[in-house]
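The lines below spell out each chain.
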Amino acid sequence: MHEWVQHYHQRLLDAGLIDCSAQQFQRWFDFMGLQRHLKVLGIFSRLSLRDNKPGYLKDIPLTFSYALNTCSAYEELADFHLFLNTQIKPVLAESL
């Protein structure tokens, strides 16, 4: 996926739509992806708990894994990564 992000960044640069480094663009991409994955985790949980639609629970491990991997790549997210690993991951392991 990293190659796709680099290609998209270059296309935006060529079109004059952005003016940032590839590193900054990757950071923005990762942080936006993390936010969206965290939102999806909440939605999947709600669908199961409130709406009695447990089919989405099977997608939680992959979605959670993305969040953990993204957090591990950024030093400023170390505390959040620790929280996810120590507080959320054990609960997921028990409930899925």
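Structure report, in brief. Fair warning: this is a prediction, and the values are worked out from it, not measured in the lab.

**Concerning the packing of helix α3 (residues 60-72) against helix α4 (residues 78-95)**
Argument step 1. Relative to each other, α3 and α4 sit at 160°, their axes nearing to 9 Å. The orientation of α3 with respect to α4, classified from their angle, is roughly antiparallel. Classified by chirality, the crossing of α4 by α3 is left-handed. Only F80, H81, L84, N85, I88, K89 and L92 of α4 make contact with α3, whose side of the interface consists of I60, F64, A67, L68, C71 and S72.
Argument step 2. Across the contact of α3 with α4, the residue classes tally to nine nonpolar, three polar and one charged.

**As for the packing of aromatic side chains**
Argument step 1. All chains considered together, the criterion is met by six aromatic pairs.
Argument step 2. Aromatic side chains Y8 and F25 sit 6.1 Å apart centroid to centroid with 45° between the ring planes, which places their arrangement in the tilted category. Separated by 17 residues along the polypeptide, Y8 in helix α1 (residues 2-14) and F25 in helix α2 (residues 22-49) bring together distant segments of the chain.
Argument step 3. We classify F25 as buried; its relative accessible area is 10%.
Argument step 4. Seen in terms of ring centroids, F80 and F83 are 6.2 Å apart; in terms of plane orientation they differ by 20°. Their pairing is stacked. Note that F80 and F83 are positioned in helix α4 at a spacing of three residues, about one turn of the helix.
Argument step 5. Here the aromatic residues W4, Y8, F25 and F29 are joined through ring pairs into a cluster of three or more.

Analysis parameters
- Residues numbered from 1 in each chain as written.
- Predicted model: local features only at pLDDT ≥ 70, side-chain atom pairs only at ≥ 80, totals over all residues.
- Heavy atoms only, no water.
- Axes fitted to C-alpha atoms, helices over the stretch in contact; angles between N-to-C directions.
- Helix = DSSP H or I, 4+ residues; strand = E, 2+ residues; numbered from the N terminus.
- Parallel < 35°, antiparallel > 145°, perpendicular 65-115°, else oblique.
- Left-handed = near helix turned anticlockwise from the far one by under 90°.
- Contact = heavy atoms within 4.5 Å.
- Nonpolar A, V, L, I, M, F, W, Y, C, P; charged D, E, K, R; others polar.
- Phe/Tyr/Trp six-rings, centres within 6.5 Å; stacked < 30°, edge-to-face > 60°.
- Buried < 20%, exposed > 50% of the residue type's maximum accessible area, 1.4 Å probe, protein only.

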